[in-house]
Amino acid sequence: VAGSQFKNGVGTSGLLISKDLGKTFDLLPTDKVLDGKDIHRIYVDPFLTTNMYAGAEDGAFMSTDSGKTWAPCEGVTGSVIDVFASTVYGKAVFIGTSTGVFRRVKDSGEWSLRKIEGPKKLRGFCGGARAGVVRLYAVGDERDVYFSKDNGEKWDVLKGTGMIKNNVRNIICAANNPDVLYLNNDDNFVIRKSSNGGANWDSVFRFDKNVEQGWVE
């Protein structure tokens, strides 16, 4: 499913779906709940693929029938950054927004904000899990990176050797391995990777050396 709003010749909008690995896209028939919404993130729950989440500038929406119908995620506020689902410590879904990280446990229907002491807003969020281990990561508006090992109950500042220390823009985590992380800065001129949960970082992209380090323009 493509998560960007589009407009055609008659000014309608909606979501696009591809069933041939992105070669062609068709309009996904759905209800009118998402009409007029600037949808910039779509997430399909890997553990229950009929459950989908749509992230907008002003909250999130959930579908339990593969996108046919949608309902607001009540209580979730802010511009959605990303969504992550995990079965560790019981099934939980996390939505990271500019407001903070919201959690819904065991299909309870209730979303609760997991407080991160320090940042007023978030600019980055991701999560990963494997073999009984789950990690959540967030980037604050002051560019500090935070992590949680307990489903968002407690957050600490992530520190590591070689880590970007200024102007951190976003963090990306391998969904099936929370030890593999990528960080980039505001200018997108530097990308660093950690394979041990943020303890050590190596440069894998620089604007002036991308070809040397394996990245193609």
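Residues numbered from 1 in each chain as written. Predicted model: local features only at pLDDT ≥ 70, side-chain atom pairs only at ≥ 80, totals over all residues. Heavy atoms only, no water.

A word on the sheet that holds strand 4 (residues 52-56)
Stated precisely, the cut-off is as follows: One requirement defines pairing of two strands: DSSP has to find at least two bridges between them. Comment: elements are numbered from the N terminus, with helices defined as DSSP H or I runs of at least four residues and strands as E runs of at least two.
Across the sheet, which stays open at both edges, the four strands sit in the order 3-4-5-6 with antiparallel pairing between neighbours. What marks the edges here is a single partner per strand, and that holds for strand 3 (41-44) and strand 6 (71-72). When strand 4 meets strand 5 (residues 59-63), the two strands line up antiparallel, connected through five bridges. For Gly 55, the partnering residue across the bridge sits in strand 5 and is Ala 60.

Concerning the packing of aromatic side chains
Here a ring pair, both rings aromatic, is described through the centre-centre distance and the interplanar angle of the planes. Going by this rule: Any two of the Phe, Tyr and Trp rings considered here, Trp counted by its six-membered ring, make a pair once their centres fall within 6.5 Å; the pair's planes then place it as stacked at under 30 degrees, edge-to-face at over 60, or tilted in between. Exposure is judged per residue with a 1.4 Å probe applied to protein chains only, and the accessible area is read against the type maximum: over 50% gives exposed, under 20% gives buried, and values in between give partly exposed.
Under the definition given, this model contains two aromatic pairs. When the centroid spacing of 6.2 Å and the interplanar angle of 90° are considered together, the rings of Tyr 53 and Trp 111 count as edge-to-face. Residue Tyr 53 is found in strand 4, and its partner Trp 111 is found in the loop between strand 9 (101-105) and strand 10 (112-114); the two are separated by 58 residues along the sequence. An angle of 20° between the planes, with centres 6.4 Å apart, marks the rings of Phe 84 and Phe 94 as stacked. Remark: Phe 94 occurs in strand 8 (residues 92-97) and Phe 84 occurs in strand 7 (residues 80-86); sequence separation between them is 10 residues. Phe 84 gets classed as buried once you look at its relative accessible area, which sits at 5%. In this structure Phe 94 comes out as buried when scored by relative accessible area, which is 0%.

Things to note about unusual backbone geometry
Of note, the phi angle at Leu 21 is positive, near 60°, even though the residue is not glycine. Within the secondary structure, Leu 21 is located in the loop between strand 1 (16-17) and strand 2 (26-27). Even without being glycine, Ala 131 reaches a positive phi, approximately 40°. Locating Ala 131 in the fold gives a position in the loop between strand 11 (122-130) and strand 12 (133-140).

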